[in-house]
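So the chains spell out like this:
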Amino acid sequence: GAVVSQHPSWVICKSGTSVKIECRSLDFQATTMFWYRQFPKQSLMLMATSNEGSKATYEQGVEKDKFLINHASLTLSTLTVTSAHPEDSSFYICSARSGSNYEQYFGPGTRLTVT
Amino acid sequence: AQSVTQLDSQVSVFEEAPVELRCNYSSSVSVYLFWYVQYPNQGLQLLLKYLSGSTLVKGINGFEAEFNKSQTSFHLRKPSVHISDTAEYFCAVSEYQAGTALIFGKGTTLSVSS
């Protein structure tokens, strides 16, 4: 149980275009989802926290107009990178938590390359 | 706010040797503690977690960690490593409060050679 999927697993897009990444909880209801970003050989940096039906809470320094997060249902959150630039190239990982459960379940990640 | 410090960015050992990866945390409230492993180009796999109770926690793949509240540490250990343990290891902390995110350390690269 407690499986989180991400789609796509990797994506290449041209500079200036937008790309959407989906994060789904397959066998539980995710009241809270988190989005992390990981640069090569670095740690995971929390980008934002989203609760179902609410606006996402972004970490300091993360542009909310650039990284649009939607958590419209209890099983799906999306991250849209708008007007992507090469510096947005990174590994994006989502995680999901159910209710008051302490544990987060991580997706396999999405590798974004902007050319 | 919490923070996590992994004291070694890289650790290199020979196969079958013991290893310890060090982690210290800082928080003004009670926390949960986790160790994750990440293989190249993959997501995170939970190795073990400390929630409460016994300070010695056993996880998967023969790993264990000890929570030391007075030293605010949660070091990861394995008595005998395999080449397949070569990976990136992350220590993470979250507050007891529901809904808070995990905060990760910078990671330790473990290289095991024969």
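In what follows, the accompanying structure is described. Owing to the predicted nature of the structure, the values given are computational and were not obtained by experimental measurement.

**Regarding the interface of chain B and chain A**
Phase 1 of the analysis: Across the contact, 21 residues belong to chain B and 21 residues belong to chain A.
Phase 2 of the analysis: Of the roughly 1,500 Å² buried at the junction of chain B and chain A (both faces included), carbon and sulfur atoms supply 59%.
Phase 3 of the analysis: Our count for the chain B to chain A interface comes out at one salt bridge.
Phase 4 of the analysis: Salt-bridge contacts for Lys49(B) lead to Glu103(A); the nearest nitrogen and oxygen are separated by 3.4 Å.
Phase 5 of the analysis: Residue assignment for the side of chain B that touches chain A shows that the elements contributing at least two residues are β5 (31–38), β6 (44–50) and β10 (87–95) of chain B.
Phase 6 of the analysis: The dominant element in the side of chain B that touches chain A, judged by the number of residues it contributes, is β5(B), at four residues.
Phase 7 of the analysis: Taken together, the residues of the side of chain B that touches chain A break down into eleven nonpolar, eight polar and two charged.

**Considering the state of the cysteines**
Residue and element names in this part refer to chain A.
Phase 1 of the analysis: Under the definition given, this model contains two disulfides over all chains.
Phase 2 of the analysis: The disulfide bridge from Cys23 ends at Cys94, spanning 2.0 Å between sulfur atoms. The disulfide joining Cys23 to Cys94 has a torsion of about 80° about its S-S bond and is therefore right-handed. Residue Cys23 is located in strand β3 (residues 19–25), and its partner Cys94 is located in strand β9 (residues 90–97); the two are separated by 71 residues in the primary sequence.
Phase 3 of the analysis: Look at Cys23 and you get buried, because its relative accessible area is 0%.
Phase 4 of the analysis: There is no disulfide at Cys13, and the cysteine sulfur nearest it, in Cys94, is 18 Å away.

**As for the environment of Thr78(A)**
Residues and elements named next belong to chain A.
Phase 1 of the analysis: Among the secondary structure elements, Thr78 is positioned in strand β8 (residues 76–81).
Phase 2 of the analysis: When its relative accessible area of 11% is taken as the criterion, Thr78 is described as buried.
Phase 3 of the analysis: On a C-alpha basis, the gap between Thr78 and Ser15 in space is 20 Å, while along the polypeptide they are 63 residues apart.
Phase 4 of the analysis: For Thr78, the contacting residues outside a window of four places in its chain are Lys20, Ile21, Glu22, Trp35, Leu68, Ile69 and Asn70.

**Some details on unusual backbone geometry**
Phase 1 of the analysis: Following His7(A), the chain continues to Pro8(A) via a peptide bond in cis, the omega torsion being 0°.
Phase 2 of the analysis: Turning to its location among the elements, Pro8(A) is positioned in the loop between β1 (4–7) and β2 (10–13).
Phase 3 of the analysis: The phi dihedral of Asn61(B) falls on the positive side, at around 60°, and the residue is not glycine.
Phase 4 of the analysis: Among the secondary structure elements, Asn61(B) is positioned in the loop between β7 (56–58) and β8 (64–68).
Phase 5 of the analysis: Residue Thr72(B) is not a glycine yet carries a positive backbone phi of 45°.
Phase 6 of the analysis: Within the fold, Thr72(B) resides in the loop between β8 and β9 (73–78).

**Considering the nonpolar core**
Phase 1 of the analysis: The biggest cluster of nonpolar side chains holds 27 residues, and the ones touching the most others in it are Leu33(B), Trp35(B), Leu47(B), Leu48(B), Phe74(B), Leu76(B) and Tyr89(B).
Phase 2 of the analysis: Not counting residues within four places of it along the chain, the set of residues in contact with Leu76(B) comprises Val19(B), Glu20(B), Leu21(B), Trp35(B), Leu47(B), Leu48(B), Phe63(B), Glu64(B), Ala65(B) and Tyr89(B).
Phase 3 of the analysis: Formed by 25 residues, the second largest nonpolar core is a distinct cluster that contains Ile69(A), Ala84(A), Cys94(A) and Tyr105(A).

Thresholds, definitions, all that
- Once a new chain begins, its residue numbering starts again from 1 and follows that chain's sequence as written.
- For this description, chains carry letters from A and ligands carry numbers from 1, given in the order in which they are written.
- In keeping with the predicted nature of the model, local features appear solely for residues at pLDDT of at least 70, side-chain atom pairs appear and are counted solely at 80 or more, and the whole-chain, interface and lining totals rest on all residues.
- As a rule here, side-chain values cover all heavy atoms of the structure and leave hydrogens and water aside.
- It only takes one pair of heavy atoms within 4.5 Å for two residues to be counted as in contact.
- Throughout, the accessible surface (probe 1.4 Å) given up by two parts as they are put together, summed over both, is called the buried area.
- The term salt bridge refers to a pairing of a side-chain nitrogen on Lys or Arg with a carboxyl oxygen on Asp or Glu at a separation within 4 Å.
- The helix and strand labels rest on DSSP assignments: H or I over at least four residues marks a helix, E over at least two residues marks a strand, and numbering proceeds from the N terminus.
- Each residue gets one label: Ala, Val, Leu, Ile, Met, Phe, Trp, Tyr, Cys and Pro are nonpolar, Asp, Glu, Lys and Arg are charged, and the others, such as Gly, are polar.
- Cysteine sulfur pairs qualify as disulfides if the two atoms are within 2.5 Å.
- When accessible area is computed with a 1.4 Å probe and restricted to protein chains, residues below 20% of their type maximum are described as buried, those above 50% as exposed, and intermediate ones as partly exposed.
- For our purposes a nonpolar core is just a set of buried Ala, Val, Leu, Ile, Met, Phe, Trp, Tyr and Cys residues, chained together by side-chain atoms within 4.5 Å.

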